[in-house]
Amino acid sequence: MRPSLTRLLPIALLLLLGGCMSRGIPQTSGNGEQPAARAVLQKSAEAHGLTAFRQIDDLSVSYAGEWYGLVAKIQPTLIDADFRQGSQERIIFKGGPLIAQHHLGPQGSKQVIRRASDVRVFYNDVPASDKEVLAAAALVADGYRMFLTGPFYFLDGNLSLEVGDDESVEGRLCTTLIAVRRPGHGLSAEDRYLLFIDRENHLLRRVRFTMEGLESTQGAIAEVDFFDHQEIAGVTWPTRFYERLRKPIPSLPVHDWRLIGLDVNRGLNEADISGANFSSQAAEPARPIK
C-alpha cells in the first residue's frame, strides 16, 4: 500500500508549512444550489458557448506539456511521467460521457478508457490490473474533462452550489462558487470545488479541487488556472493550463500543459475508442490549433 501524500513529507516540513494552508475550499451549507450561484454558473457557461457546446457529440483533442520534478517523485503513479508527456484524447458525450486517452512517453504508450462506472488501462497494449493505477487513471481522465469543459462540467450533478467571497486571479476580480459533487471525479465518493469566474467576461479562470478518489491524494487540494482562450466551433476553450498544489505544500508547481489540437463531431462511436487502441478514424490526430 502506497503511503499518503502527507506521510511522504518530513514532519518538520509540514509543521513549517502548516500556517500557509488556509487557502483551501470553504465549507458549504449543503442545501442544494443557491439561485444566485446557479445564475453565475449559467452566465459563465453561456460566455463559453453553451449553445454550441450542446451540439457537440464527440470531441477530439491533443495535449503537450511538462511535469515539474518534485511532484513526479511524490506521486509517481498519478503523474506517470514515463508515459504521460503528450496525449490524444477522445470524448463521446452522447450516451456517456465515454473518455479515451492515448498517452505517449519515453517508456511507450498508455491507453485509458473511462466510463462513469468503469476504467481500463493498457500499457503498451498490455492490460493493467493494479487498483492504484486504475484509480489514478480515472482521476486523471475525469479531471481533464473538467479542465477542458469548464463550467459545462458543473451544470449537472452538484450536491450544493453556493457563492463564496470574491478573489483575484492574475489581477482579474472573480466571483467564486463553492461546489460539492457526489460522486466526485475519479473514483471518489465526494469532492469539493472552488470555481473562480471572471466578473467582467464571465470566463472560468481557475478551479480548485480536492482529490479524494486516490488513497495517496486524500486530503490534498490542487488548482488549475486557464489561459489563452480561443473560440473554436463556437466554444471558447482554454488552450493553456497550469496546475499547482495548494495542500499540503502551498503553490508547489505540478504541470504546465497546452491544448495543441481540437476538432469536433467526427462521428465517433463507442467501438472507435473503447479498445486497447483507437480505430483508424479515432487515431487521426486532432486538428492543430493555429
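Remember, it's a predicted structure, so these values are computed and weren't measured experimentally.

Enquirer: What should I look at first to understand empty space enclosed by the protein in this one?
Expert: Any empty space left between the atoms is revealed when a probe the size of a water molecule rolls over them. In total, this model carries three cavities of 30 Å³ or more according to the counting rule given. Considering only enclosed or pocket space, the largest cavity measures out at about 230 Å³ in volume. Looking at the largest cavity, it is lined by 20 residues, and the ones nearest its centre are L78, I79, M211, E243 and V254. Where the lining of the largest cavity is concerned, the elements lending two or more residues are α5 (76-79), α6 (131-149) and β16 (240-247). Among the elements that make up the lining of the largest cavity, the one with the highest residue count is α6 (five residues). Among the elements of the structure, β2 (58-67), β3 (86-92) and β17 (252-264) are those that each provide at least two residues to the lining of the second largest cavity. Of the residues forming the lining of the second largest cavity, the biggest block, four residues, is contributed by β2. For the lining of the second largest cavity, the class distribution of residues is five nonpolar, six polar and one charged.

Enquirer: Even after reading the chapter, I still don't get α6, so can you show me in this structure?
Expert: Every α-helix carries 3.6 residues per turn, so stepping three or four residues along brings you back to the same face. Taking 1.5 Å per residue as the helical rise, α6 with its 19 residues ought to reach 27 Å, and the 27 Å between its terminal C-alpha atoms agrees with that figure. Counting buried residues in α6 gives 17 out of 19 residues, a clear majority hidden from the surface. Capping of α6 at its N-terminal end is provided by D130; its side-chain oxygen lies 2.9 Å from the backbone amide nitrogen of E132. Where α6 terminates, the next one or two residues include G150, which has phi positive at roughly 55°.

Enquirer: How should the confidence of the model for the chain be read in this particular structure?
Expert: Detailed conclusions should not be drawn from predicted coordinates in areas where pLDDT is low. Looking at the chain, the pLDDT average stands at 91 and 92% of residues meet or exceed 70. Considering only residues more than four positions removed or in separate chains, one finds that residues 1-22, a stretch of pLDDT under 50, has 31 contacts.

Enquirer: Got a minute to help me understand the pairing of strand β5 (residues 108-115) in this structure?
Expert: In the case of a regular strand, side chains alternate between the two sheet surfaces. For β5, a buried count of six out of eight residues is recorded, marking the element as mostly surrounded by other parts of the structure. Bridge count between strand β4 (residues 98-105) and β5: seven bridges; the pairing is antiparallel. Counted as the bridge partner of A100 is I113 from β5. Here β4 folds back onto β5 in antiparallel fashion, the turn holding two residues. Two strands pair when backbone bridges link them, and β5 and strand β6 (residues 118-123) are joined in this way by six bridges, in the antiparallel orientation. Opposite V112, over in β6, you have V121 as the bridge partner. Two successive antiparallel strands, β5 and β6, enclose a turn made up of two residues.

Enquirer: Help me out: how do you make sense of the pattern of salt bridges in this one?
Expert: In a structure, side chains of opposite charge can pair up when their charged atoms sit close to one another. Taken as a whole, this structure holds 19 salt bridges when the rule is applied. One salt bridge connects R258 with E66, and the closest N-O pair in it is separated by 3.2 Å. Residue R258 is found in strand β17, and its partner E66 is found in strand β2; the two are separated by 192 residues along the sequence. Given the relative accessible area of 30%, R258 is considered partly exposed. R206 is paired through a salt bridge with E223; the nearest N and O atoms lie 3.7 Å apart. Taken as a pair, R206 in strand β12 (residues 204-210) and E223 in strand β13 (residues 221-227) lie far apart in primary sequence, 17 residues in all. Judged by its relative accessible area of 7%, R206 is buried. For E223, a relative accessible area of 0% translates into the label buried. A single network of salt bridges, built from pairs that share partners, joins R206, R208, E223, D225, R244 and R246.

The rules behind each value
Residues numbered from 1 in each chain as written. Predicted model: local features only at pLDDT ≥ 70, side-chain atom pairs only at ≥ 80, totals over all residues. Heavy atoms only, no water. 1 Å grid on protein atoms, 1.4 Å probe; cavity = no way out; pocket = protein on both sides within 12 Å on 5 of 7 lines; lining within 4 Å. Points joined across faces, edges and corners; volume = space filled by probe spheres on them. Helix = DSSP H or I, 4+ residues; strand = E, 2+ residues; numbered from the N terminus. Nonpolar A, V, L, I, M, F, W, Y, C, P; charged D, E, K, R; others polar. Expected span 1.5 Å × (residues − 1). Buried < 20%, exposed > 50% of the residue type's maximum accessible area, 1.4 Å probe, protein only. Polar contact = N/O pair within 3.5 Å; in protein donor to acceptor, adjacent residues only side chain to side chain. pLDDT = per-residue confidence, 0-100. Contact = heavy atoms within 4.5 Å. Pairing = 2+ DSSP bridges. Salt bridge = Lys/Arg side-chain N within 4 Å of Asp/Glu carboxyl O.

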